[in-house]
Amino acid sequence: FNDEESHCSSALLLSLFLGIIYHIFYLVLRIICTLPPTQWTISRCTAQVLICLLNPDSEGQIKIERKKKIPNTEVPLLSHYDIIVDPAYLEQESDIERLESAWNTLDKVSCSWLPKRAEIFPGYLFHWLWNSSLKRFAADMILPYFHWSG
C-alpha cells in the first residue's frame, strides 16, 4: 500500500512540475511575441496558409446508447445515456486526393501570393515533422470546419 502512495505522489509531483514548466514557457513565449521587434517580424515576414475541405465525402455518425445501470425514473435524463461521436474524418480516399490536389496547388502559388514572407505553418514545419505525408499531417491536425451563421 505504501509503494502505491509513493508512486501516486511522485506522479502527481511530476505532473505539477510539467504543468509549471509549460506555464513558464507559455508566459515567456507570450512576452517575446509582444515585443515590438518580434511583432513587426511576425506580422511582416511570416504567413500561415491553411486549406479546408468544405464538402467531404466521408460521413461520420452519432450513437446514443442507454447506460446499463440507470435508476428507474419517469423522465429520461441525459446522464442515462452515452453519446458517442465518430466524425470519420478522411475515411474516404477521395477526400485525401482532393486535399492533396489543393495542397499541391497551394505550394505552387504561395510564393507568388506571399512574396518576401516565410510560411511558418504548415510550410517547412509540415515537411520536416510529417515527412510530406499529408494523410499523417491531416490525421494529427484536422479540425472541423463550421460557419458562424449556420
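Residues numbered from 1 in each chain as written. Predicted model: local features only at pLDDT ≥ 70, side-chain atom pairs only at ≥ 80, totals over all residues. Heavy atoms only, no water.

Participant: What is the right way to read the overall build of the protein from this model?
Facilitator: Per the secondary structure count, the protein includes 5 helices and 4 strands. In the protein, the succession of α and β elements from N to C terminus is α-α-β-β-β-α-β-α-α. Within the protein, the proportion of its 150 residues that are buried is 15%. A separation threshold of at least 6 residues defines the contact pool for the protein, and within that pool the share at least 24 residues apart is 58%. Split by element, the accessible area of the protein, about 12,800 Å² in all, is 62% carbon and sulfur. (Helix = DSSP H or I, 4+ residues; strand = E, 2+ residues; numbered from the N terminus. Buried < 20%, exposed > 50% of the residue type's maximum accessible area, 1.4 Å probe, protein only. Contact = heavy atoms within 4.5 Å. Areas by Shrake-Rupley, 256 points an atom, 1.4 Å probe, with all protein chains shown as cover.)

Participant: Mind showing me how you'd approach a nonpolar patch on the surface here?
Facilitator: Taken together, the side chains of Ile 20, Ile 24, Val 28, Ile 32 and Leu 35 make up a nonpolar region of the molecular surface, amounting to roughly 430 Å² of accessible area. With respect to the secondary-structure elements, Leu 35 resides in the loop between helix 1 (2-34) and helix 2 (36-45). (Patch = residues over 30% accessible without salt bridge, like charges linked within 9 Å, V, L, I, M, F, W, Y side chains within 5 Å. Salt bridge = Lys/Arg side-chain N within 4 Å of Asp/Glu carboxyl O.)

Participant: Looking at this model, I keep getting lost on the side chain of Ser 58. Mind explaining?
Facilitator: If you trace the backbone, Ser 58 turns up in the loop between strand 1 (46-48) and strand 2 (61-66). Looking at Ser 58, its side chain comes within polar contact range of the main-chain nitrogen of Gln 92, at 2.9 Å. Dropping the residues within four chain positions of it, Ser 58 is found in contact with Ala 88, Leu 90, Glu 91, Gln 92 and Asp 95. (Polar contact = N/O pair within 3.5 Å; in protein donor to acceptor, adjacent residues only side chain to side chain.)

Participant: Just checking my understanding: could you explain helix 5 (residues 134-141) for this structure?
Facilitator: Within an α-helix, residues lying three or four positions from one another point in the same direction, as the helix has 3.6 residues per turn. For helix 5, every residue scored as buried is listed here: Leu 134, Phe 137 and Ala 138. Projection of helix 5 onto a plane perpendicular to its axis shows the buried side chains occupying an angular sector of 95 degrees, all on one side. Along helix 5, the residues that are exposed and aim more than 90 degrees away from the buried face are Ala 139 and Asp 140. (Arc of directions from axis to C-beta.)

Participant: It is not clear to me how the packing of helix 3 (residues 93-113) against helix 5 should be interpreted in this structure. Could you clarify?
Facilitator: Packed helix pairs are characterised by how far apart their axes lie and by the angle those axes make with each other. Running from amino to carboxyl end, helix 3 crosses helix 5 at an angle of 100 degrees, the nearest separation of the two axes being 10 Å. It follows that helix 3 is roughly perpendicular to helix 5 by the angle criterion. Between helix 3 and helix 5, the contacting residues are Glu 93, Ile 96, Leu 99, Glu 100 and Trp 103 on the first element and Leu 134, Lys 135 and Phe 137 on the second. (Axes fitted to C-alpha atoms, helices over the stretch in contact; angles between N-to-C directions. Parallel < 35°, antiparallel > 145°, perpendicular 65-115°, else oblique.)

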